Amino acid sequence: MKIFETNRLIVKTLSDKDKEYFIELLSDPRIIEPIPQIKFSRNEILEKFSDYLKSNGNFKEREKFACGIFEKGNQEMIGLCLFLTNNENDNELGYRFRVNYWGKGYGTEITKGLIDYYFKEFNIGKVTADVNIENVRSVKILNIHESDTRIL
């Protein structure tokens, strides 16, 4: 099920065919190390995937939900976008891409899409994002969007 789209990307709920890409996005050290997240075991990753599949797109009531990111015209999942609730009970956005899709401007594009989606669909007052300050590309993306007073 399509959630939203940007100029080049489509965000959809996960399906069975996305499993190997999901595993890669939660286990590849090049993707995980720059993210402020603990490393999951393969079983934990498979449990998360199964949980997201079962939710069938009903994520507005959940604390964490992941959707697949796809290039328009490409059936292969290239990343994940995450709708989260942090420890302070704030709405938070997250994203990650497979290594082959880094450096194409997709992080900036999906961040803007997530911000717009949060405010149009959820009608909320603010969105937060956590970033490892050593992850220079993600810091740059959030700095681009810091003038948007809807994101903190």
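Refer to the structure printed above.
These figures come from a predicted structure and were not determined experimentally. (Residues numbered from 1 in each chain as written. Predicted model: local features only at pLDDT ≥ 70, side-chain atom pairs only at ≥ 80, totals over all residues. Heavy atoms only, no water.)

K.L.:
Quick rundown of the overall build of the protein? Include the residues and the values.
P.N.:
The helix and strand inventory of the protein stands at five helices and five strands. Put simply, the protein has 152 residues, and 47% of those count as buried. Pairs at least 24 residues apart make up 59% of the contacts formed inside the protein by residues separated by at least 6 positions. Accessible surface for the protein amounts to roughly 8,600 Å². Of this, 46% is attributable to carbon and sulfur atoms. (Helix = DSSP H or I, 4+ residues; strand = E, 2+ residues; numbered from the N terminus. Buried < 20%, exposed > 50% of the residue type's maximum accessible area, 1.4 Å probe, protein only. Contact = heavy atoms within 4.5 Å. Areas by Shrake-Rupley, 256 points an atom, 1.4 Å probe, with all protein chains shown as cover.)

K.L.:
Let's hear about the pairing of strand β3 (residues 64–71): which residues, and what values?
P.N.:
Counting buried positions over the eight residues of β3 gives seven, a clear majority of the element. Across four bridges, the pairing between strand β2 (residues 9–12) and β3 is antiparallel. Among the inter-strand pairings, isoleucine 10 is bridged to a residue of β3, identified as phenylalanine 70. Pairing of β3 with strand β4 (residues 77–85), which is carried by seven bridges, proceeds in the antiparallel orientation. The residue of β4 that forms the bridge with alanine 66 is leucine 82. (Pairing = 2+ DSSP bridges.)

K.L.:
Explain the packing of aromatic side chains to me, and be specific about the residues and the numbers.
P.N.:
We describe a pair of aromatic rings using the distance from one ring centre to the other and the angle between the two ring planes. Summed over the entire model, instances satisfying the criterion amount to eight aromatic pairs. Relative to tyrosine 52, the ring of phenylalanine 22 lies with its centre 6.0 Å away and its plane at 70°, an arrangement referred to as edge-to-face. Of this pair, phenylalanine 22 sits in helix α1 (residues 19–27) while tyrosine 52 sits in helix α3 (residues 42–55); the two residues are 30 residues apart in sequence, bridging distant segments of the chain. Accessibility classification places phenylalanine 22 together with tyrosine 52 in one group, the buried group. Here a set of aromatic residues connected by ring pairs shows up, and it is made of Phe4, Phe83, Tyr117 and Tyr118. Positioned above the aromatic ring of phenylalanine 70 is the side chain of lysine 12, whose terminal nitrogen or guanidinium carbon lies 4.4 Å from the ring centre. (Phe/Tyr/Trp six-rings, centres within 6.5 Å; stacked < 30°, edge-to-face > 60°. Lys NZ or Arg CZ within 6 Å of the ring centre and 35° of its normal.)

K.L.:
Mind laying out the packing of α1 against α3, listing which residues take part and the relevant values?
P.N.:
Direction vectors running N to C along α1 and α3 enclose 130°, while the axes themselves pass 10 Å from each other. Here α1 is positioned oblique relative to α3, judged by the angle of their axes. In this structure, α1 crosses over α3, and the sense of that crossing is right-handed. Contacts between α1 and α3 pair Lys19, Glu20, Phe22, Ile23, Leu26 and Ser27 from the former with Arg42, Ile45, Leu46, Lys48, Phe49 and Tyr52 from the latter. Here the contact of α1 with α3 is built from residues that sort into seven nonpolar, one polar and four charged. (Axes fitted to C-alpha atoms, helices over the stretch in contact; angles between N-to-C directions. Parallel < 35°, antiparallel > 145°, perpendicular 65-115°, else oblique. Left-handed = near helix turned anticlockwise from the far one by under 90°. Nonpolar A, V, L, I, M, F, W, Y, C, P; charged D, E, K, R; others polar.)

K.L.:
Before we move on, could you go through the pattern of salt bridges and cite the residues and values that matter?
P.N.:
This structure, assessed with the given rule, holds nine salt bridges. The partner of arginine 8 in a salt bridge is glutamate 109, and the shortest N-O contact between them spans 2.6 Å. Of this pair, arginine 8 sits in the loop between β1 (2–5) and β2 while glutamate 109 sits in helix α4 (residues 106–122), and the two are 101 residues apart along the sequence. Accessibility expressed as a relative area gives 14% for glutamate 109, which makes it buried. (Salt bridge = Lys/Arg side-chain N within 4 Å of Asp/Glu carboxyl O.)

K.L.:
Got a sec to walk through α3? Specific residues and values, please.
P.N.:
For α3, built from 14 residues, the straight-helix expectation of 20 Å at 1.5 Å per residue is met to within 8% by its first-to-last C-alpha distance of 20 Å. What α3 keeps buried is the set Ile45, Phe49, Tyr52 and Ser55. Axial view of α3: buried residues confined to an arc of 125°, hence all on one face. Of the exposed residues in α3, those oriented more than 90 degrees away from the buried face are Asn43, Glu47 and Lys54. (Expected span 1.5 Å × (residues − 1). Arc of directions from axis to C-beta.)

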